[in-house]
Amino acid sequence: MYVRVARVAERTVSVGEERRVVYDGLVADETGVIALSAWTDFNLRSGETLEITGGYLRAFRGITQLVLDERATVRRVERPGLPEPSTILNSPPISMARLEESGGGPSASVEGLVVGLLPPSGLVYRCPECRRGLQGEHCRIHGTVKGIADLRARIVLDDGTGAVTINAGRSETERLWGVTLDGVLGQLGAKPDPSIWEGELLDAVLGRRLRVRGAASVDDFGVTIQPETIDAADIDLESAAERLAPRLGGERP
Ligand SMILES: [Zn+2]
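Residues numbered from 1 in each chain as written. Predicted model: local features only at pLDDT ≥ 70, side-chain atom pairs only at ≥ 80, totals over all residues. Heavy atoms only, no water.

A. Inspection of the sheet that holds strand β2 (residues 18-29) at higher detail. Strand order in the open sheet formed by seven strands is β5-β6-β3-β2-β1-β4-β7, and the pairing between neighbours is mixed. Only two strands of the sheet have a single neighbouring strand rather than two, namely β5 (56-60) and β7 (73-76). If you compare each strand with its neighbour and ignore which way they point, the axes differ by 35° on average. Note: strand β1 (residues 2-15) against β2, 11 bridges, orientation antiparallel. From the neighbouring strand, V13 faces β2, where its bridge partner is R20. (Pairing = 2+ DSSP bridges. Helix = DSSP H or I, 4+ residues; strand = E, 2+ residues; numbered from the N terminus. Axes fitted to C-alpha atoms, helices over the stretch in contact; angles between N-to-C directions.)

B. Representation of the coordination of the zinc ion in the model. Within the protein, the zinc ion binds to C127 (SG), C130 (SG), C139 (SG) and H142 (ND1); these donor distances fall in the range 2.1 to 2.3 Å. Bound by four donor atoms, the zinc ion shows angles of 106 to 113° at the metal and therefore tetrahedral coordination geometry. (Donors = N, O, S within 2.8 Å, 3.2 Å for Na, K, Ca; no water. Tetrahedral: all angles 85-135°; square planar, octahedral: opposite > 155°, others 65-115°.)

C. Looking closely at the environment of K146. With respect to the secondary-structure elements, K146 resides in the loop between β10 (143-144) and β11 (148-158). The spatial distance from the C-alpha of K146 to the C-alpha of F42 is 38 Å, given a sequence separation of 104 residues.

D. Quick peek at the domain arrangement of the protein. When cut into domains, the protein gives domain 1 (2-89) and domain 2 (96-232). Between the C-alpha centres of domain 1 and domain 2 there is a distance of 26 Å. Taken together, the contact between domain 1 and domain 2 spans 10 residues of the former and eight residues of the latter. It is L26, I63 and L89 in domain 1 that bury the most area against domain 2; as a group they hold 52% of the surface buried on that side. Where domain 1 packs against domain 2, one counts one salt bridge. Where domain 1 packs against domain 2, one counts two residue pairs in polar contact (both at pLDDT 80 or more). Broken down by element, the residue count for the side of domain 1 that touches domain 2 peaks at three residues, all from strand β3 (residues 32-38). Looking at side-chain class alone, the side of domain 1 that touches domain 2 contains seven nonpolar, one polar and two charged residues. (Domains from an automatic or database assignment. Contact = heavy atoms within 4.5 Å. Buried area = accessible area lost by both parts, 1.4 Å probe. Salt bridge = Lys/Arg side-chain N within 4 Å of Asp/Glu carboxyl O. Polar contact = N/O pair within 3.5 Å; in protein donor to acceptor, adjacent residues only side chain to side chain. Nonpolar A, V, L, I, M, F, W, Y, C, P; charged D, E, K, R; others polar.)

E. A look at the side chain of D24. Within the element layout of this structure, D24 appears in strand β2. A polar side-chain atom of D24 sits 2.4 Å from a polar atom in the side chain of R11. In contact with D24, other than residues within four places in its own chain, are R7, V8, A9, R11, L36 and S37.

Written out as structure tokens, the structure reads:
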């Protein structure tokens, strides 16, 4: 198959006891976009066109991925007609109802208002072994452990047709909140209760309009997006004025 690489990024994961590097990304052909997961370093770069043989498809957390392992071969080719990375990464937002009907996708874009947070949000503690969230000091795999502090936000975004959950990690949460993990930890003496921090995070994000792009999956709880980008989608005052102007001038009932 021939694909154009839209984006690729290196990530380290735990596989059992082992730490491995995986190259995650998005690729596209004439028919659409698919998530890529390469377990071998093919030195992939955004914008390249590839001829791939020996890859396979698998579903991971509700998203279909093209997996490349050491049995796959990748060859750089010239082949016109495949979509540009900018086209793949800048598709306009779609309605949340349509996203849910479509079953999600590797690069979905939505826009809506923040209407709430789901627990756990704010200051959380993770297992040092597996990064799972702890219940108190308990990891369901590793038992009682000393947790590592982290920030996250499970943001409920609503666009009037439906709602999705945005699973924001530490860096996105810090950026949206304007508060860093170090800032929180520095004030833990005064505010030891995580529910205080969850409340402050909610105050900071509630009612904001966001545009979010990322991998969207659908399950019994609805649509969840693992965000790659979260941007403030402030109301465009100029176009709002243009829309309103005809209704404000001259015409009287
Ligand atoms: Zn654990």
